[in-house]
Amino acid sequence: MTEKYSHHPIKDSRHIRLLKLLQNNSPSDVEECIECQLVQVSLDALPTYFAVSYAWESQTPTRFVLCEGKALWITANCAAALSFFHYQEVETFLWVDSICINQISLEERSQQVTIMGEIYERAINVLIWLGEGDARSDLDMKRLNELATLAAWSPDQVQARYQELQQSRYLEYSAGYHTDGVPRTVLFPESLTGFRNPTASITNRSWFNRIWTLQEIVLARHAVLICGSESISWDDLSSIGDIVTQGDASSGFTQYPGDEFHRLRVVNMLRGYLGIRTKQDQILYRLPDEHPFGPIEMSVAQTGDSRNIGIATHFFVATTLEGSEPRDKIYGLYAILQRYGIQLKKPDYEKSVSEIYRETAEAIIKHDSSLELLYYISTTRVLADLPSWVPDTLNGWFSWIPGFEFTTPSKDSTERFEFSSGGELSIFGVSVDTVAVIQQFRVWIDFVLNKGYIFEDPLGAFCMVTLQEMALAFHADQRKWERLLGFFSSWITVIAPAVTQSTNHIPNTGHSDEDPNSHKIEEVVSEDDNYAEERRILLELAEVRANLTIHQIVSQRGNYNRLFATASGRLGIASAHLQQGAQVFLYSGMRLPMILRSEGGLYRLISAAWVHGVMSGELWLNSQDDLMKLTIV
């Protein structure tokens, strides 16, 4: 049995190892017996090298390469990448994290994380290995390169060609040609575009969902994606995404029509904070001219709010990506946060996860001089010892209250907060109401339909709370507002039979801004007699595009939130973990009300909220001298 390789100690904190593939194997045994050398070099005297980016995929090392004649164990995906580069006779140096860092040494891993950003920034090119190819991925890569060629000389044709490819993929799926294990008949598909994504075999690869690979592409000077024998540059892929998604943001600045380009959106957000910002990054809400609600466009600049989206929002969106262990949620973004100027403590894999999360949250709040991070408190806490004001990024589900870019519940006050030496957070605010009634979505629909009102203007309040930033976009124009209320009332009438007494969720028919006829909903919803009424409702929704828009937005808002009424009769929406008796607070400088629960003189943060009738400063105090100081635990 081949002796196991042991890494030589790294010389100092400015040295790294580079991998050199040795071209001395015959083709017959190239896969089994790749030989290599590891060479230590200084970051201050680097040779030309490529950095390799790939997904670990939680794999355990099952393959090995020979380093100095000894076995250096690696994962199957890493082995496939090295086999490809070896076969291509890549003669320059490579940097591969799993090989060039001694993964057994926690001390070395911690030290190398601090310079990983510099490693990717200084590489001549980042080689993104998506995995081995097949007939489908080869075809999809060719499609992407075709679109890239069109983007270079005729951008107007990219949209049309992409739609042709979507329709082609959907027809293949409907005919049974596309066998990806997805059931053909589904009742409430979360995204019909998933069946119509013409590049699914590429953009659904695990690399696009891993947190470590994010900083590797964000900080790269140049990058190329490789899948099997096909490749495309990152710049070409980005140009396709920019064109295909232009003008289609309909439910928040982080979401595109379909998941296939979500990763591009995240990357562009982060690059924007590093100085590469486009107009699309500033658009927060837009509907095209031909939409029943269009045209409408709102951005941070158009609202008159000079407080741009902070690092907190970008950070939390990024932490929804996957890591192999809990610390990856922070250390996988360490280089990016460094470039933002956030003063982080050095990585330490021996620290507890909760301590790392708390330190990072405190550093972001201090850097931004903002409590925006508190808007992303998770609905379910995995880490029991984590302070309630620190987002638990181990849980991907959180109570998302969009539209805060347009609201001013504390008017033009400045944010005030303090950290104690022990890391406790204190904020300054005023209690304005109490959570009195918590009900399921069905109850609020019945209130509107049966006029069982417990608050004034129930239809307007219900519309504002569930559609949020979309409703704000129309509210300033009385005619548009009345038109929206008409559509909203129509949607309630259609959807009411599908919403049961016991659920907070409503059926999701896919993305709202696509032509419903192209979905052929009758072909993909269940024909089971048990679901005949639900099927009828979905088909009725598809007849009116405005209904689909409202349906998609409300279904996204309602999945992890609960509607509530306050003691004074205001309607609001907050986390599904809301409790009666919790207090509604407004805080100095914050753009959303917060729900807190008192615990012996201290307070526990439950969630951010949207409360009708307070979002424009109606209940804010004239003098900040009267604000309470509250310590959050």
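Enquirer: Would you take a moment to explain the overall build of the protein for this structure?
Expert: Per the secondary structure count, the protein includes 23 helices and 20 strands. Residues counted as buried form 58% of the 633 residues belonging to the protein. For the protein, the proportion of contacts with a sequence separation of at least 24, taken over those separated by at least 6, is 72%. Split by element, the accessible area of the protein, about 25,600 Å² in all, is 48% carbon and sulfur.

Enquirer: Just checking my understanding: could you explain the pairing of strand β5 (residues 70-74) for this structure?
Expert: Regular strands have side chains that alternate between both faces of the sheet. Note that strand β4 (residues 63-67) and β5 share 5 bridges and pair antiparallel. Paired with Phe-64 across the bridge in β5 is Trp-73. Here β4 folds back onto β5, and the loop between the two strands holds 2 residues, one of which, Glu-68, carries a positive phi near 55 degrees.

Enquirer: Any chance you could explain the packing of helix α16 (residues 441-450) against helix α19 (residues 478-495) here in plain terms?
Expert: In helix packing, the relevant descriptors are the interaxial angle and the interaxial distance, both defined with respect to the helix axes. Where α16 meets α19, the closest approach of the two axes is 11 Å, and the angle between their N-to-C directions is 120 degrees. By the angle between their axes, α16 is oblique relative to α19. Seen from above, α16 lies across α19 with left-handed handedness. Within the contact between the two elements, α16 uses Phe-441, Ile-445, Val-448 and Leu-449 and α19 uses Trp-491, Ile-492, Thr-493 and Ile-495. Residue composition of the contact of α16 with α19, by class: 7 nonpolar, 1 polar and no charged.

Enquirer: Which parts of the structure should I look at to understand the pairing of strand β13 (residues 425-439)?
Expert: Looking at chain direction, strand β12 (residues 417-419) and β13 are connected through 3 bridges and run antiparallel. When the sheet's bridge partners are listed, Phe-419 is paired in β13 with Leu-425. Between β12 and β13, which pair antiparallel in sequence order, lie 5 residues; one of them, Gly-423, sits at a positive phi of approximately 90 degrees. Sheet topology note: the β13/strand β20 (residues 628-632) ladder contains 5 bridges and is antiparallel.

Enquirer: Is there a simple way to explain the environment of Ser-6 in this structure?
Expert: Note that Ser-6 resides in the segment before β1 (15-22). You can call Ser-6 exposed: its relative accessible area is 55%. The spacing of Ser-6 and Asn-102 is 96 residues in sequence and 8.3 Å in space, taken between C-alpha atoms.

Enquirer: Sorry if this is basic, but what is going on with the packing of helix α17 (residues 458-467) against α19 here?
Expert: Packing of α17 against α19 brings their axes to within 10 Å, and their N-to-C directions diverge by 85 degrees. With respect to each other, α17 and α19 are oriented roughly perpendicular. Of the residues in α19, those touching α17 at Leu-459, Gly-460, Phe-462, Cys-463, Met-464, Thr-466 and Leu-467 are Trp-481, Leu-484, Leu-485, Phe-488, Ser-489 and Ile-492. A per-class count over the contact of α17 with α19 returns 10 nonpolar, 3 polar and no charged.

Enquirer: Where do I start with the layout of surface pockets in this structure?
Expert: In this approach, a probe sized like a water molecule rolls over the atoms, and the result shows the empty space that is left. Within this model, the second largest pocket holds a volume of roughly 730 Å³. Lining the second largest pocket are 34 residues, with Trp-56, Ser-98, Ile-101, Gln-103 and Ile-104 positioned closest to its centre. When contributions to the lining of the second largest pocket are tallied by element, the ones reaching two or more residues are β5, α2 (97-100), α3 (106-113) and α8 (212-218). With 4 residues, β5 is the largest single contributor of residues to the lining of the second largest pocket. Across the lining of the second largest pocket, the residue classes tally to 15 nonpolar, 12 polar and 7 charged.

Enquirer: How should the packing of aromatic side chains be read in this particular structure?
Expert: Counted by the stated rule, this structure contains 14 aromatic pairs. Where Phe-585 meets Tyr-603, the ring centres are 5.6 Å apart and the plane angle is 80 degrees; that geometry is what we call edge-to-face. Taken together, the positions of Phe-585 in strand β16 (residues 583-587) and Tyr-603 in strand β18 (residues 602-608) put the pair 18 residues apart, joining distant regions of the chain. The pair Phe-585 / Tyr-603 is uniform in exposure class, with both members buried. An aromatic cluster is present here, built from Phe-84, Phe-85 and Trp-129 joined pairwise through their rings.

Enquirer: How do you make sense of the environment of Gly-69 when you look at a structure like this?
Expert: Structurally, Gly-69 is set in the loop between β4 and β5. A C-alpha to C-alpha distance of 7.7 Å links Gly-69 and Glu-35, two positions 34 residues apart in sequence.

Enquirer: Hey, could you run me through α17 in this one?
Expert: Three- or four-residue spacings in an α-helix give side chains the same orientation, since the helix completes a turn every 3.6 residues. Burial analysis of α17 places 9 of its 10 residues in the buried class, the great majority of the element. Buried within α17 are the following residues: Pro-458, Gly-460, Ala-461, Phe-462, Cys-463, Met-464, Val-465, Thr-466 and Leu-467.

Enquirer: I'm lost on unusual backbone geometry in this one. Help?
Expert: Excluding glycine, most residues fall at negative phi; most peptide bonds, likewise, are trans. Its identity as a non-glycine residue notwithstanding, Glu-68 has a phi of 55 degrees, on the positive side. For Glu-68, the location among the structural elements is in the loop between β4 and β5. If you check the backbone angles, Ser-369 has positive phi at about 50 degrees while not being a glycine. Positionally, Ser-369 belongs in the loop between α15 (353-368) and β12.

Enquirer: Could you clarify how one ought to interpret the confidence of the model for the protein in this entry?
Expert: Interpretation of the predicted coordinates at a detailed level should be avoided for regions scoring low in pLDDT. Per-residue confidence for the protein gives a mean pLDDT of 78; residues scoring 70 or more make up 74%. For the protein, per-element mean pLDDT is lowest for helix α20 (residues 516-519), which scores 36, and highest for β16, which scores 95. Low pLDDT, under 50, characterises residues 176-195; the predicted model gives this stretch 48 contacts beyond four residues in sequence or across chains.

Enquirer: Is there a simple way to think about the side chain of Asp-392 in this case?
Expert: Examined against the element boundaries, Asp-392 turns out to sit in the loop between α15 and β12. For Asp-392, a relative accessible area of 0% corresponds to the buried category. Of note is the side chain of Asp-392, whose polar atom sits 2.5 Å from the backbone nitrogen of Val-382.

Enquirer: Explanation requested: the state of the cysteines in the structure shown.
Expert: All chains considered together, the criterion is met by 0 disulfides. Cys-100 provides the cysteine sulfur closest to Cys-78, a residue in no disulfide bond, and the two sulfurs are 9.3 Å apart.

Enquirer: For this particular structure, what's the right way to read the environment of Leu-541?
Expert: Here Leu-541 lies in helix α22 (residues 532-542). You can call Leu-541 buried: its relative accessible area is 0%. Spatially, the C-alpha atom of Leu-541 lies 8.2 Å from that of His-551, the residues being 10 residues apart in sequence.

Enquirer: Got a minute to help me understand the pattern of salt bridges in this structure?
Expert: Two side chains carrying opposite charge are able to pair once their charged atoms lie near each other. Scanning the entire structure with this criterion turns up 23 salt bridges. Asp-140 is the salt-bridge partner of Arg-136, the closest N and O atoms lying 4.0 Å from each other. Taken together, the residues Arg-136 and Asp-140, both in helix α5 (residues 135-153) and 4 residues apart, mark about one turn of the helix. Here Glu-372 makes a salt bridge to Arg-591, at a shortest N to O gap of 2.8 Å. A residue pair is termed long-range when its members are at least 10 positions apart, and Glu-372 in the loop between α15 and β12 and Arg-591 in the loop between β16 and β17 (594-599) qualify at 219 residues. Salt bridges sharing common partners tie together Arg-14, Asp-44, Glu-118 and Arg-122.

About the cut-offs
- Residues numbered from 1 in each chain as written.
- Predicted model: local features only at pLDDT ≥ 70, side-chain atom pairs only at ≥ 80, totals over all residues.
- Heavy atoms only, no water.
- Helix = DSSP H or I, 4+ residues; strand = E, 2+ residues; numbered from the N terminus.
- Buried < 20%, exposed > 50% of the residue type's maximum accessible area, 1.4 Å probe, protein only.
- Contact = heavy atoms within 4.5 Å.
- Areas by Shrake-Rupley, 256 points an atom, 1.4 Å probe, with all protein chains shown as cover.
- Pairing = 2+ DSSP bridges.
- Axes fitted to C-alpha atoms, helices over the stretch in contact; angles between N-to-C directions.
- Parallel < 35°, antiparallel > 145°, perpendicular 65-115°, else oblique.
- Left-handed = near helix turned anticlockwise from the far one by under 90°.
- Nonpolar A, V, L, I, M, F, W, Y, C, P; charged D, E, K, R; others polar.
- 1 Å grid on protein atoms, 1.4 Å probe; cavity = no way out; pocket = protein on both sides within 12 Å on 5 of 7 lines; lining within 4 Å.
- Points joined across faces, edges and corners; volume = space filled by probe spheres on them.
- Phe/Tyr/Trp six-rings, centres within 6.5 Å; stacked < 30°, edge-to-face > 60°.
- pLDDT = per-residue confidence, 0-100.
- Polar contact = N/O pair within 3.5 Å; in protein donor to acceptor, adjacent residues only side chain to side chain.
- Disulfide = S-S within 2.5 Å.
- Salt bridge = Lys/Arg side-chain N within 4 Å of Asp/Glu carboxyl O.

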